[in-house]
Amino acid sequence: MTNSILSDWTTPFELAPFAQISDDDFAPALDQAMAAHNAEIDAIAANTEAPSFANTVEALEAAGEDLNKVLSVFFTVAGADSNPKREELQRAFSPKLAAHFAAISSNKALFSRVADLWDRRDGLDLTEEQARVLMLSHRGFVRAGAALEGDADARMQEIKSRLATLGTSFTQNLLADERDWYMDLSEDDLHGLPDFVVDAARAAGKEKGVDGPVVTLSRSIIVPFLQFSPRRDLREKAYRAWTARGANGGETDNREIAAEILTLRQERAQLLGYDSFADYKLETEMARTPGRVRDLLMQVWEPATAQADADAEVLTEMMQDDGVNGPLEAWDWRYYAEKRRKAEHDLDEAALKPYLQLDRMIEASFACANRLFGLEFAPLDVPLYHPDCRAWEVTRNGQHVAVFIGDYFARGSKRSGAWCSAMRAQAKFPKVQAPVVINVCNFAKGDPALLSYDDARTLFHEFGHALHQMLSNVTYESISGTSVARDFVELPSQLYEHWLEVPEVLAEYATHAETGEPMPQEMLAKVLNAANFDQGFQTVEYVASALVDLAFHDGAAPADPMVKQAEMLAELGMPHAIGMRHATPHFAHVFAGDGYSSGYYSYMWSEVMDADAFAAFEEAGGAFDAERAKALEDNILSTGGSREAEDLYLAFRGRLPGVEALLKGRGLIAA
Ligand SMILES: [Zn+2]
C-alpha cells in the first residue's frame, strides 16, 4: 500500500491531499523518504564516473523529493494545527532530521566530488546561477567541517557536541529562573493597572498555585507592569529580578556557560581557518565583515542616544513633579514614557479597529501587488488542513504564478506569532514547479474580523515574504525565494509594510465596518505618529545588545563576558536609565544556539534597507512608481539567492543603503 503522502498528488495544482493524510502516515513516510534520500546521496557519492556539475551538484539538487513532500506537509500542520500526536512526532523527528542532514554535510566522499568541481570551476562552462550553486554547496561543506582531517576533525566533533549541550543548559537555566520567581501583589498593589494586566496577574497567580495576583518574569506581564504600576518600590523589585535572570548564582547561573560558549566558538572558527567567529558567521551575510556591522550600528547609536538623553530629561521632570527626587532609573523609564505617550499620542484602539477589517486588509495587500506587479488573485475552492484556511490562485496576464494560502485566525492548535512558508518552492530543475505559499497569522475571529494596526502591519509583512516566494524565478530550488542571507531576508517583508501606510491605500481600504466611511485623517495621523514614540529608548536598548554581541565574537573570546559587557557599555556611554534589551546571562538569541550569534544586528540591518528602499519609490514619483516596481521584482523579488545580496541591492538602488531614511522613519533626525 502506498503512503498517501508519498503517492502522486493528483489534486488541483498538486496541492498536498490533506483529506487523505492521517497522522499515522507521517512516521513511516519520513522513514521511507529519509532512506530514499540516503540511497540517492550514496549513489552520488559512490559514482565511479568523474564528477560533473550534472552528476554531482544537480543530482544533489534533485535528491530528496519525497523528503521535501513529507516535511512540507508535516511542518505545516505541526505549526498551524497541532495535536498531542503531532507534538510527539515533532519531538521524535527533530533529532532524526538533525542527524540526517549533519551526516550529509560531513560526507567525505560527497565533499571530495564537490571540491574537485570547485577546483576546476573555471573550466566547467557554468551559467552564473550554476556557478553560484556550486560555490554555495562547496562553502556549506567547508563550513560544516567536511574538509577537516584527523585530530582537527575529531576536535570539531567534540566542540559541536559540547556547544549543543551548553546551548540546551543555557535555555533550561533561563526557563528555571523565569519559572521560579514571582512577586505577590495585594489588592492595593493592583491600583493603576489596566484590566488586561490585572487579569493576567490573577491568571498567573492561579497558575503558580497562590491565592491572589502575582507578577511573573514573562514579558507579557512584566513589561506592562513596569509601564503601568505607580508603585516605584515594586517596579524596582520586579525590574531587578527580571534583569537578574541567568545571573542568580547557584545551579542555574549562565555566566560561566556563556564564557565557555564564546571560547569554543572562537576555537571552532579558527579550526575552519577564520580569524574570529564573527568573520565565520558574517561570511554568508550581506554585511560580510564585523567592521561593516559596527559602522552601521554606530551611525544609528549616536542619534539614538541623543534622542534618549533628551527624552530622559522630560521623563525626569515628570518624575520630579510626582515628588520623586534623584535620578531617573531603569525601572522608571517605561512608567513615565507610558504617561507621556498617553498625554501626547493617545490612540483609542477600540475606535480604530472597526476601520481595519481583515477582509479589506487582505484586499488591500492584493491590490498593492496588482498595481506594483500585475498579479491577480482568484479565490480557489480546495480542501486544506483546516476549515479556516483560504486559498487563491495567483496569475499574471492569464498565466499561473502560484497558489497562495491564508490561515489567519488564532486557535489553540496553532503556535503563536505569524510566519510565511513555501509548501512548494519555485524551481525549474529537475522539473518546472510553481510555488505554493502560505501565510499563517493569529488574528482574533469576529464577524466581521477586525484587526489592530499591528495586526494589519503583520498581514502586510507576511505577504511581503509571500511575494518573495511567489515571484521567484530561478532554476534551482536551493536558492529560490527566501533562500537568501539572514540579514537580507526581512527586506521584502519589512518593505511591503510601507504600502499599508500609503494614505491612498488606507483611504480606500480602511473603511468602517458599519458605516463604510474611510478612516478620518486625524486618526490616521495619530496611528502613524504613535508608531514612532519612544524610539530613542527602543533603539538604544536594541543597539547596545547588538554591539555587545558583535564584540563578544570579534577577536579572542573574552575571559569574563560580564567584565567585557560592562567595559563596552561604559565605552559607549550607555544612558543611565536604559538597560540592554538582552544582557548576557539571558541573551538567548546569542547563547541558546548560534542562529543569531554575531547576528543580532540583522533586524536593524534589514530595517535600514527597507526604509532606504521605500525612499527609492518616494524619490521616483510615488509608492506605485512602475519603473521602481519593475526594478524591485527584477533585482530582489525574483532573484532568490542567485547573486550576492549586496549586488542585488546595488542593482535595485544604484547605491548601497544609507541610514538616513531609517533615522527619519524613527523620528531620530528631522524628516
Ligand atoms: Zn519576517
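Relevant structure appears above.
In this text the structure is predicted, and so the values were computed from the model without any measurement. Every chain begins its residue count from 1, and numbering advances along the sequence as written. Local features in this predicted model are restricted to residues whose pLDDT is 70 or higher, and side-chain atom pairs enter the listing and the counts only when it is 80 or higher, whereas totals over whole chains, interfaces and linings include all residues. Water and hydrogen atoms were dropped before computing side-chain values, which therefore reflect all heavy atoms in the structure.

Novice: Help me out: how do you make sense of the overall build of the protein chain in this one?
Specialist: Each helix and strand in the protein chain was counted, giving 27 helices and seven strands. The size measure is the radius of gyration over C-alpha atoms, and the globule rule it meets is 2.2 Å times the number of residues to the 0.38 power. For a compact globule of 671 residues, the expected C-alpha radius of gyration is about 26 Å, and the protein chain comes in at 26 Å, within 12% of that figure. Expressed as a percentage of the 671 residues in the protein chain, the buried residues total 54%. Here a residue-residue contact requires only that any non-hydrogen atoms of the pair lie within 4.5 Å. If you take every contact in the protein chain between residues at least 6 apart in sequence, the share linking residues at least 24 apart comes to 74%. Using a 1.4 Å probe, the Shrake-Rupley method yields the accessible areas, and only the shown protein chains count as cover for residues. Total accessible area computed for the protein chain in this model is approximately 29,200 Å², and 49% of it derives from carbon and sulfur atoms. Under the counting rule used here, the positive set is Lys and Arg, the negative set is Asp and Glu, and His together with the chain ends is not counted. The location of each charge is read from NZ of Lys, CZ of Arg, CG of Asp or CD of Glu. In the protein chain, 62 side chains carry a positive charge and 105 a negative one; their mean positions are 1 Å apart. Strands are runs of DSSP state E lasting at least two residues, helices are runs of H or I lasting at least four, and both sets are numbered from the N terminus onward. Between buried and exposed lies partly exposed: a residue is buried under 20% and exposed over 50% of the maximum accessible area for its type, with that area taken using a 1.4 Å probe on protein chains only.

Novice: Any chance you could explain the nonpolar core here in plain terms?
Specialist: General note: in soluble globular proteins, nonpolar side chains tend to be found buried as a group. Residues W333, F463, M470, F488 and W499 are the most contacted members of the largest nonpolar core, which totals 136 residues. Once residues within four sequence positions are removed from consideration, W333 is found in contact with A308, D311, A312, L315, L328, D534, F537, A577 and I578. We define a nonpolar core as any set of buried Ala, Val, Leu, Ile, Met, Phe, Trp, Tyr and Cys residues linked to one another through side-chain atoms lying within 4.5 Å. Grouped together as the second largest cluster of nonpolar side chains are 35 residues, W9, L71, F93 and V440 included.

Novice: Can you help me understand the packing of helix α24 (residues 602-620) against helix α26 (residues 645-653) in this one?
Specialist: How two helices pack is summed up by the angle between their axes together with the distance between the axes. Axis lines are fitted to C-alpha atoms, over the contacting stretch for helices. Their N-to-C directions set the angle, which ranges from 0 to 180 degrees. Across the interface, α24 lies against α26 with an axial gap of 11 Å and an inter-helix angle of 20°. Judged by the angle between their axes, α24 and α26 are roughly parallel. Between α24 and α26 lies a crossing of left-handed hand. Along the contact surface, α24 presents M609, D612, A613, A615, A616, F617 and E619, while α26 presents Y649, F652 and R653. Amino acids outside the nonpolar list (Ala, Val, Leu, Ile, Met, Phe, Trp, Tyr, Cys, Pro) and the charged list (Asp, Glu, Lys, Arg) are all regarded as polar, and Gly is one of them. Here the residues of the contact of α24 with α26 are counted per class, giving seven nonpolar, no polar and three charged. Working definition: roughly parallel below 35 degrees, roughly antiparallel above 145 degrees, roughly perpendicular at 65 to 115 degrees, and oblique for all remaining angles. A clockwise turn of the near helix away from the far one marks a right-handed crossing, whereas an anticlockwise turn of less than a right angle marks a left-handed crossing.

Novice: Got a minute to help me understand the coordination of the zinc ion in this structure?
Specialist: Six octahedral donors around a metal ideally sit at 90 or 180 degrees from one another, while four tetrahedral donors ideally sit at 109.5 degrees. Coordination partners: N, O, S within 2.8 Å of the metal, 3.2 Å for Na, K and Ca; water not considered, so apparent gaps in a site are possible. Here the zinc ion is held by H461 (NE2), H465 (NE2) and E490 (OE), and the distances to it run 2.1 to 2.2 Å. For the zinc ion, the single-chain donor residues occur in sequence as H-x3-H-x24-E. One end of the pair, H465, is in helix α17 (residues 453-470); the other, E490, is in the loop between α17 and α18 (491-500), with 25 residues separating them in the sequence.

Novice: Quick question: what am I supposed to make of the packing of aromatic side chains here?
Specialist: Here a ring pair, both rings aromatic, is described through the centre-centre distance and the interplanar angle of the planes. Note on aromatic contacts: the rings of Phe and Tyr and the six-membered ring of Trp form a pair at centre separations within 6.5 Å, being stacked when their planes are under 30 degrees apart, edge-to-face when over 60 apart, and tilted otherwise. This structure, assessed with the given rule, holds 38 aromatic pairs. Their ring planes at 5° and their centres at 5.3 Å tell us that Y596 and Y603 sit as a pair that is stacked. Residue Y603 is classed as partly exposed on the basis of its relative accessible area of 33%. Through pairs of rings, three or more aromatic residues link up here, namely F366, F377, W392, F404, F460, F463, Y496, W499, F614, F617, Y649 and F652. By definition, being over a ring means that NZ of Lys or CZ of Arg is both within 6 Å of the ring centre and within 35 degrees of the ring normal. Between R143 and the ring centre of Y280, over which it is positioned, the NZ or CZ distance is 4.1 Å.

Novice: Is there a simple way to think about the sheet that holds strand β7 (residues 436-443) in this case?
Specialist: Two strands qualify as a pair provided DSSP detects at least 2 bridges between them. If you trace the five strands from one edge of the open sheet to the other, you get β3-β4-β5-β7-β6, paired in mixed fashion. Where the open sheet ends on each side, the last strands, each with one partner, are β3 (376-380) and β6 (419-424). Between one strand axis and the next, the sheet turns through 30° on average, direction left out of account. Looking at chain direction, β3 and strand β4 (residues 390-396) are connected through five bridges and run antiparallel. Each bridged residue has a counterpart across the sheet, and for P379 the counterpart in β4 is W392.

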